[in-house]
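Structure assessment
Chain residues, written in single-letter form:
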Amino acid sequence: MKYVVIKCGGSVFEQLPPSFYQDIVTIQKQGEWQPIIVHGGGPLISHLLQQTGVETKFVNGLRVTTNEVLDVVEMALSGSINKGIVRKLSKAKGNAIGISGVDGTLFAAKPVEETDSLGFVGEVTNVNTSLLESFVTQGLIPVVSPLGIDAFGQRYNINADMAASAVAQALGAKLCFISDIPGIFHEVNGEKQVFHQLDEEKIEELIEQKIIHGGMIPKVQSALSALYRNVMEVSIVDGTKEHGFVDFMQGKQIGTRIALTQEVPYV
Ligand SMILES: Nc1ncnc2c1ncn2[C@@H]1O[C@H](COP(=O)(O)OP(=O)(O)O)[C@@H](O)[C@H]1O
Ligand SMILES: CC(=O)N[C@@H](CCC(=O)OP(=O)(O)O)C(=O)O
């Protein structure tokens with residue numbers, strides 16, 4: 001079975017055309033590629049936290065997550081957003097199942113390395129691929145919210161780009177990040193110029209120059225770790241454009257494609 005993991009960013013939900021969901025259903029029904037959606041929802045989480053008067057802070061694109069924040073993250077991602085996507089796919093005559101990474105230990109998780117100052121921010125240590133495969137075998141499109149769980153039942157908030165990358169790595173899938181920008185760009189004389197292709201060296205340079213910043217940092221890092229481990233193709237695609245996902249599937253030049261120039265050290 002060939003899989004394509006589609007990561008839908010919270011930044012773009014409101015702007016996605018109905019054709020986006022129809023295209024996913026069409027690809028699934030054609031049968032060659034099985035879509036799996038992993039979604040974010042950062043803006044809704046921030047909005048709800050603001051409404052409840054809880055402070056929210058990001059470090060290198062990752063949200064500092066206390067237990068209080070976790071409650072809101074779970075409610076927003078595994079509730080409202082996850083079920084909203086399932087309904088939209090259903091409206092597009094698709095059959096989807098919405099689950100969180102906690103269900104069936106889809107995402108076994110541990111605290112992210114580097115720092116413990118991020119609180120309950122996790123990274124995926126294992127993906128329960130047989131669970132995903134069993135849904136797909138039944139003709140369902142999995143829609144996954146990025147929370148994980150450890151052996152002690154502790155839940156973690158996982159950046160959705162990192163979660164999508166982990167799924168793509170586990171399945172050897174293609175990976176498509178759907179976001180609200182035309183691709184990774186820099187500004188030249190006030191005009192946005194999109195990089196159509198980037199490799200690991202250029203990405204490092206752009207992060208150092210702060211041209212890549214904020215939420216784009218975990219996205220490019222997730223893209224690179226996917227390419228180092230088993231993922232054949234990664235692009236960042238503009239979800240606001242009609243049929244961007246189909247163009248990606250057809251290998252057209254669209255958004256920013258990330259590709260390695262150096263040899264993959266291991267697969
Ligand atoms: N060089 C860059 N090119 C494009 N977007 C960038 C760049 N650097 C930072 N960004 C930011 O990254 C955002 C996309 O990441 P994020 O907010 O996490 O979105 P999503 O919810 O789609 O994952 C863009 O909206 C933009 O503000
Ligand atoms: C640890 C961490 O930062 N988790 C993210 C999870 C949601 C997410 O990644 O949403 P987007 O894809 O819309 O950015 C957060 O709390 O915002």
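Residues numbered from 1 in each chain as written. Chains lettered and ligands numbered in written order. Predicted model: local features only at pLDDT ≥ 70, side-chain atom pairs only at ≥ 80, totals over all residues. Heavy atoms only, no water.

Before going further, it helps to examine the overall build of the chain. Broken down by element type, the chain carries eight helices and 16 strands. A compact globule built from 267 residues should have a C-alpha radius of gyration of about 18 Å, and the chain, at 17 Å, falls within 12% of that. Principal-axis analysis of the C-alpha atoms gives the chain an extent of 45 × 45 × 40 Å. Counting all 267 residues of the chain, 52% fall into the buried class. Restricting to contacts in the chain with at least 6 residues of sequence separation, those with at least 24 account for 75%. Carbon and sulfur atoms provide 49% of the accessible area of the chain, an area that totals close to 12,400 Å². (Helix = DSSP H or I, 4+ residues; strand = E, 2+ residues; numbered from the N terminus. Rg over C-alpha atoms; globule rule 2.2 N^0.38 Å. Buried < 20%, exposed > 50% of the residue type's maximum accessible area, 1.4 Å probe, protein only. Contact = heavy atoms within 4.5 Å. Areas by Shrake-Rupley, 256 points an atom, 1.4 Å probe, with all protein chains shown as cover.)

For the rest of this paragraph, the subject is the packing of aromatic side chains. Applying the stated criterion to the full structure yields two aromatic pairs. Geometry around W33 places K174 over its ring, the cationic atom sitting 4.8 Å from the centre. (Phe/Tyr/Trp six-rings, centres within 6.5 Å; stacked < 30°, edge-to-face > 60°. Lys NZ or Arg CZ within 6 Å of the ring centre and 35° of its normal.)

What follows deals with the site of ligand 2. Looking at ligand 2, there are 16 residues lining it, with K7, G10, R63, N157 and A160 nearest. At 3.0 Å, a backbone N or O of G41 approaches an oxygen atom of ligand 2. Taking R63, its side chain carries an N or O atom lying 2.7 Å from an oxygen atom of ligand 2. Out of a free accessible area of 430 Å², ligand 2 has 91% covered by protein chains. Elements supplying a minimum of two residues to the shell around ligand 2: helix 2 (42–51) and strand 4 (62–63). For the shell around ligand 2, the element with the highest residue contribution is helix 2, accounting for three residues. (Near = heavy atom within 4 Å. Polar contact = N/O pair within 3.5 Å; in protein donor to acceptor, adjacent residues only side chain to side chain.)

So, about the nonpolar core. Membership of the largest hydrophobic core comes to 43 residues, with the highest contact counts inside it found for V167 and L175. Considering each element in turn, this core owes the most residues, seven residues, to helix 7 (residues 216–228). Excluding anything up to four places from it in sequence, L175 contacts V5, A164, S165, A168, A226, V231, E233, V234, S235 and F248. In terms of nonpolar packing, the next biggest core, distinct from the first, is built from 37 residues, L16, I24, I27 and V86 among them. (Core = buried A, V, L, I, M, F, W, Y, C linked by side-chain atoms within 4.5 Å.)

In this section: the confidence of the model for the chain. When pLDDT drops low, the exact placement of atoms in the prediction is not to be read closely. Residue-level pLDDT values for the chain average 94, and 97% of them are 70 or greater. Reported confidences for the modelled complex are a pTM of 0.96 and an ipTM of 0.97. (pLDDT = per-residue confidence, 0-100.)

Let us now look at the packing of helix 2 against helix 3 (residues 67–91). Helix packing for two helices is described by the angle between their axes and how far apart those axes are. Two numbers describe how helix 2 lies on helix 3: the axes approach to 9 Å, and their chain directions differ by 130 degrees. Here helix 2 is positioned oblique relative to helix 3, judged by the angle of their axes. In this structure, helix 2 crosses over helix 3, and the sense of that crossing is right-handed. For the pair formed by helix 2 and helix 3, the contact residues are L44, I45, L48 and L49 on the first element and V69, V72, V73, M75, A76, L77, S80 and I81 on the second. Counted by class, the contact of helix 2 with helix 3 contains 11 nonpolar, one polar and no charged residues. (Axes fitted to C-alpha atoms, helices over the stretch in contact; angles between N-to-C directions. Parallel < 35°, antiparallel > 145°, perpendicular 65-115°, else oblique. Left-handed = near helix turned anticlockwise from the far one by under 90°. Nonpolar A, V, L, I, M, F, W, Y, C, P; charged D, E, K, R; others polar.)

Attention now moves to the site of ligand 1. The environment of ligand 1 is made up of 17 residues, and the closest members are K7, S11, S179, I211 and K219. Residue D180 places a side-chain N or O atom 3.0 Å away from an oxygen atom belonging to ligand 1. With respect to ligand 1, the side chain of K219 contributes an N or O atom lying 2.6 Å from an oxygen atom. In the complex, 80% of the free accessible area of ligand 1, which totals 570 Å², lies under the protein chains. The cavity that encloses ligand 1 is the largest pocket. Listing elements by their share of the shell around ligand 1, those giving two or more residues are strand 11 (174–179) and helix 7. Taken together, the residues of the shell around ligand 1 sort by class into seven nonpolar, seven polar and three charged. (1 Å grid on protein atoms, 1.4 Å probe; cavity = no way out; pocket = protein on both sides within 12 Å on 5 of 7 lines; lining within 4 Å. Sits in = over half its atoms within 2 Å of the grid points.)

The next point concerns unusual backbone geometry. Leaving glycine out, the prevailing phi sign among residues is negative, and the prevailing peptide bond configuration is trans. Phi at T105 is positive, roughly 45 degrees, even though this residue is not glycine. Here T105 lies in the loop between strand 5 (96–100) and strand 6 (107–111). Of note in this structure, N189 is not a glycine but carries a positive phi near 50 degrees. Positionally, N189 belongs in the loop between strand 12 (185–188) and strand 13 (191–194).

The tally for this structure, following the rule as stated, stands at one cavity of 30 Å³ or more. By volume, the largest cavity amounts to about 50 Å³. If you trace the largest cavity, you find it lined by P17, S19, F20, D23, I178, D238, G239, K241, E242, H243, G244 and F245. Those elements giving two or more residues to the lining of the largest cavity turn out to be helix 1 (18–30) and helix 8 (244–249). With three residues, the single largest contributor to the lining of the largest cavity is helix 1. Classifying every residue of the lining of the largest cavity by side-chain character gives four nonpolar, four polar and four charged. (Points joined across faces, edges and corners; volume = space filled by probe spheres on them.)

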